[in-house]
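# Structure assessment
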Amino acid sequence: MMDKQAVLEAGQTGIKITQSDSRKIIENIETKIAALEKLISKKLAEIISLQNNMEQHFSQIKNTLLKMNFHRLGSRAFYVEKNMLVDWTTAERKCREMGGQLATIENETELIQIKKELKENTSYWIDLNDIQSEGKFISSVTWNPPTYFKWHNNHPFVHTGNIEDCVFLYNGKMQDFDCNYKGNFICQNVN
Ligand SMILES: [Ca+2]
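It should be emphasised that the depicted structure is a prediction, and the values quoted were computed from it without experimental measurement.

### Brief notes about the nonpolar core
The nonpolar side chains of a soluble globular protein tend to be buried, and buried together. Counting 26 residues, the largest nonpolar core has Leu-102, Trp-125, Ile-126, Phe-185, Ile-186 and Cys-187 as the members making the most contacts within it. Every element with two or more residues in this core is listed here: strand E4 (76-86), helix H2 (88-97), strand E6 (123-129), strand E8 (164-170), strand E9 (173-178) and strand E10 (183-189). Ignoring sequence-local partners within four residues, the contact set of Cys-187 consists of Phe-78, Tyr-79, Cys-95, Met-98, Gly-100, Gln-101, Leu-102 and Ala-103.

### Topic: the pairing of E6
Burial within E6 is extensive, with six of its seven residues counted as buried. With four bridges connecting them, E6 and E8 associate as antiparallel partners. When the bridges of E8 are listed, Asn-129 appears paired with Cys-166.

### Observations regarding the domain arrangement of the chain
One widely used convention gives an interface's size as the accessible area the parts lose upon coming together. Structurally, the chain comprises domain 1 (4-67) and domain 2 (71-189). The C-alpha centroid of domain 2 is placed 58 Å from the C-alpha centroid of domain 1.

### Remarks on H2
Within the sequence span of H2, burial applies to Trp-88, Ala-91, Glu-92 and Cys-95. Summarising the axial view, the buried residues of H2 lie within an arc of 100°, below the 170-degree limit, and thus occupy one face. Of the residues trailing H2, Gly-99 is marked for its positive phi of about 80°.

### Remarks on the confidence of the model for the chain
The predicted model of the chain averages 90 in pLDDT, with 92% of residues at 70 or higher. Element-level pLDDT for the chain is lowest in strand E1 (residues 8-10), with a mean of 51, against a maximum mean of 98 in E6.

### Some points on the environment of Leu-85
Looking at the element boundaries, Leu-85 is found in strand E4. With 40 residues separating them along the chain, Leu-85 and Trp-125 place their C-alpha atoms 9.9 Å apart. Excluding anything up to four places from it in sequence, Leu-85 contacts Lys-182, Gly-183 and Asn-184.

### Side note on the pairing of E10
Of all seven residues making up E10, six are buried, and the element is well covered by its neighbours. Summarising the sheet, E4 and E10 pair through five bridges and their orientation is antiparallel. Looking at E10, one finds that Val-86 is bridged to Gly-183. In the sheet, strand E5 (residues 100-102) pairs with E10 via three bridges, with the strands oriented antiparallel. Pairing of Leu-102 across the sheet is with Cys-187, part of E10. Of the strand pairs in this sheet, E6 and E10 are connected by two bridges, and their pairing is parallel. Bridging across to E10, Trp-125 finds its partner in Phe-185.

### Concerning the environment of Arg-72
Examined against the element boundaries, Arg-72 turns out to sit in strand E3 (residues 71-73). As for Arg-72 and His-152, which are separated by 80 residues in sequence, their C-alpha atoms are 26 Å apart.

### Considering helix H1 (residues 19-67)
For H1, with 49 residues, the first-to-last C-alpha span of 71 Å sits near the 72 Å given by 1.5 Å per residue. Across the 49 residues that make up H1, only a small minority, zero, are buried.

### Observations regarding unusual backbone geometry
Between His-155 and Pro-156 the backbone carries a cis peptide bond, its omega angle lying at -5°. As for its placement among the helices and strands, Pro-156 is situated in the loop between strand E7 (138-139) and E8. Residue Asn-154 is not a glycine yet carries a positive backbone phi of 65°. Among the structural elements, Asn-154 can be located in the loop between E7 and E8. A residue is classified by how many C-beta atoms lie within 10 Å of it, and Asn-154, with 7 of them, is exposed. Positive phi, close to 50°, is recorded for Asn-171, a residue that is not glycine. Residue position: Asn-171 is located in the loop between E8 and E9.

How each quantity is defined
- Residues numbered from 1 in each chain as written.
- Predicted model: local features only at pLDDT ≥ 70, side-chain atom pairs only at ≥ 80, totals over all residues.
- Core = buried A, V, L, I, M, F, W, Y, C linked by C-beta atoms within 7 Å.
- Buried ≥ 20, exposed ≤ 12 C-beta atoms within 10 Å, placed from the backbone.
- Helix = DSSP H or I, 4+ residues; strand = E, 2+ residues; numbered from the N terminus.
- Contact = placed C-beta atoms within 7 Å.
- Pairing = 2+ DSSP bridges.
- Domains from an automatic or database assignment.
- Arc of directions from axis to C-beta.
- pLDDT = per-residue confidence, 0-100.
- Expected span 1.5 Å × (residues − 1).

Right, dumping it as structure tokens:
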């Protein structure tokens, strides 16, 4: 026997629903919502995983394209930037973005080969700097003193408080200069 107090009238439709019916309907809806929530969170996890995969692929493609900039000079691969004038710190970052580093010139043979790629009277940043300790030039690649130098006459300038802390190649020789100066730069590939 239907509990008349419990009967609910639904609008003008004349549909009669008991409290027990409405509870079942609500439970049913709650179950469906829970299932939907589970499904949505599963799909969301799949989308995030797909997105991560795509980002990895894009990053690999980007690295491959950037590495195509480098070409072999002697036994190693270098990239000479000729059209972008930047300070030393930016040059270092640009090389890293290309999957490389600012170039270390390891010996006279390498210097001669690289020099052929460079314009005259133009500056090209390399890895050397004495930012940390005046007069103690180190490589930003190895953080150690390099084994090879080829300074221009009157370089390096070494005195306390000087701002010529970064090194570029100029007409085939090394000069220490203000790191904020805007020069071209040379990167080397990381093997
Ligand atoms: Ca200096």
